[in-house]
Every structure is written in C-alpha cells, then in structure tokens.
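# Tertiary structure, described
Spelled out, the chains give:
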Amino acid sequence: MRVRLSILLIITSLLLQFCGEDKSIDKNSEKVIPKEESLSDVIIDEELGISYRTPLQWNLMSSELSERYVARLDSEQFDGNFIVYQPKAFYFNSDISGLLRIGSITKNLTPVETELSVDSYISRFRKFNPIKDFERKTIQTDNLVITQLVIKKSNLISFKNIFMNNQNRIIQFDYSIQEKDYENQKKKIHSSLASIQTL
C-alpha cells in the first residue's frame, strides 16, 4: 500500500512539474499579430498564392525601377544550377531607404530527385553566402509558421522571411533596412508578416 502511495505521489509530482512548464517558450520563436492601423489595404497575389498587407509608407515600385533591382540580383550568390529566386513585387520606403522584395524560390529541373524545402534552401543559401552575423528565428502567426533569417552586414539588416504556400512553393518576403532603423521598423515588419494569408 505504501509503495503504491509513493508511486502515486511521484507521478502526481511529475505531472504538476510538466504542467507548470511553458513548453511554448522558445528564445528563437516569436508570436506576432497584425496591427491594422499600421498596415496597407489587403493585396492579393494569385500567382504566389497569397494575400498580404505591407507596412504603411512602403510603396509599390514602378516596373522600370523593379527591373533595375532584378538585374542587381545577379550579383547575389546562389546555387545557380539548382536554386532560382524569382522576385515579383518590390516595395520601397523612401523615408528610410528600405526595400521589400516579394517572390518565390524554385528549383531547376536538375537534379530532379532533390526536393526543395525551406531547410534545404537555407542550407544552400548559407553555403554560398558565408555570413558571420546570421540568426535564424521562427515567426508564428495565426496562419503560418515563418522561418526568419536575420542577416547583418555593415550597417544593413536583411530579414528573409520564408514559408510554404498551399501549392508547396517557397515564398520569401525580404526586407532590407539600415541598422539604425531596426527598432523602429521591427514591429511594423512583423505586423505585416502576421497579415499574410495563403489562398
């Protein structure tokens, strides 16, 4: 009887201990919600299979300027034989010289047996872009789990926000801002990310 009572007390103690722990706490994970007053109207992109809202003062760039930025992407290091980054929309904040690129990450036909996932894309990105100041985080919204890469280089910070849409395509929201604007823009960027919906 005493043995059974001791076992019961131990089990009860363990249950209370585990129930008292907050398993959702993760230093590299953050829950975000949209703040309506700081965002644009809803933008629907059927080609990318998403809808989203940008922070206020981030304006869609003209097609002419967008083409110039697309040309500059050729200087970025990717696995050209495998990964293709296809930016579709560019937004610019003239007050802080901030740039937002929205597009998809796809693979070439070879090697056909290789599946492209968020993790495999990040591994290849790091392989071809050896950056020291590199941090990986998880952004949780009501609709998505977004992998965020925070990359610091000189006085610039890039937020590469990566997730899968309903067609299993990798979508990337790539914000680039100056380091001095980080604290002011972080919440606005996260609010924008929280507005993303898959179609």
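One can find the structure itself at the top, above this paragraph.
A few points on the structure. Keep in mind that this is a model prediction, so the values were computed, not measured.

### Considerations on the pairing of strand β8 (residues 145-153)
For strand β7 (residues 134-140) and β8, the ladder comprises 7 bridges, and the chain directions are antiparallel. Looking at β8, one finds that Ile139 is bridged to Ile146. Remark: 4 residues form the turn of the hairpin made by β7 and β8, two consecutive strands paired antiparallel. Two elements, β8 and strand β9 (residues 156-164), share 7 bridges in a ladder whose sense is antiparallel.

### What about the side chain of Arg53?
Note on placement: Arg53 falls in the loop between β3 (50-52) and β4 (59-60). Its relative accessible area of 15% is what places Arg53 among the buried residues. Setting aside residues no more than four positions away along its own chain, Arg53 makes contact with Glu36, Leu39, Ser40, Asp41, Val42, Ser192 and Ser195.

### Things to note about a nonpolar patch on the surface
Among the surface-exposed residues, Val42, Ile44 and Leu199 lie close enough to one another that they form a single nonpolar patch of about 300 Å² accessible area. One can find Ile44 in strand β2 (residues 43-45).

### Description of the sheet that holds β3
Reading across the sheet, the 3 strands line up as β2-β3-β11 and stay open at both edges, with antiparallel pairing between neighbours. Looking at which strands have only one partner, the edges of the open sheet turn out to be β2 and β11 (197-198). As defined by bridge partners, β3 adjoins β11 across 2 bridges and the pair is classed as antiparallel. Within β11, the position partnered with Ile50 by the bridge is Thr198.

### Some words on the packing of aromatic side chains
Here the structure, examined in full by the defined rule, presents 5 aromatic pairs. Centre to centre, the rings of Trp58 and Tyr175 are 5.2 Å apart; their planes meet at 80°, and the pair counts as edge-to-face. On the criterion of sequence distance, the pair formed by Trp58 in the loop between β3 and β4 and Tyr175 in strand β10 (residues 170-178) is long-range, its members being 117 residues apart. The exposure class of Trp58 is buried, given its relative accessible area of 3%. Feature note: the residues Tyr52, Tyr91, Phe163 and Phe173 constitute an aromatic cluster, connected by ring pairs. If you follow Lys152 out to its NZ or CZ, it ends over the ring of Tyr182, 6.0 Å from the centre.

### Comments concerning the environment of Leu156
Relative to the assigned elements, Leu156 resides in strand β9. Residues Leu156 and Asp181, spaced 25 residues apart in sequence, show a C-alpha to C-alpha distance of 9.4 Å. In this structure Leu156 touches Ile151, Ile177, Gln178 and Glu179, once residues within four positions along its chain are discounted.

Calculation rules
Residues numbered from 1 in each chain as written. Predicted model: local features only at pLDDT ≥ 70, side-chain atom pairs only at ≥ 80, totals over all residues. Heavy atoms only, no water. Pairing = 2+ DSSP bridges. Helix = DSSP H or I, 4+ residues; strand = E, 2+ residues; numbered from the N terminus. Buried < 20%, exposed > 50% of the residue type's maximum accessible area, 1.4 Å probe, protein only. Contact = heavy atoms within 4.5 Å. Patch = residues over 30% accessible without salt bridge, like charges linked within 9 Å, V, L, I, M, F, W, Y side chains within 5 Å. Areas by Shrake-Rupley, 256 points an atom, 1.4 Å probe, with all protein chains shown as cover. Salt bridge = Lys/Arg side-chain N within 4 Å of Asp/Glu carboxyl O. Phe/Tyr/Trp six-rings, centres within 6.5 Å; stacked < 30°, edge-to-face > 60°. Lys NZ or Arg CZ within 6 Å of the ring centre and 35° of its normal.

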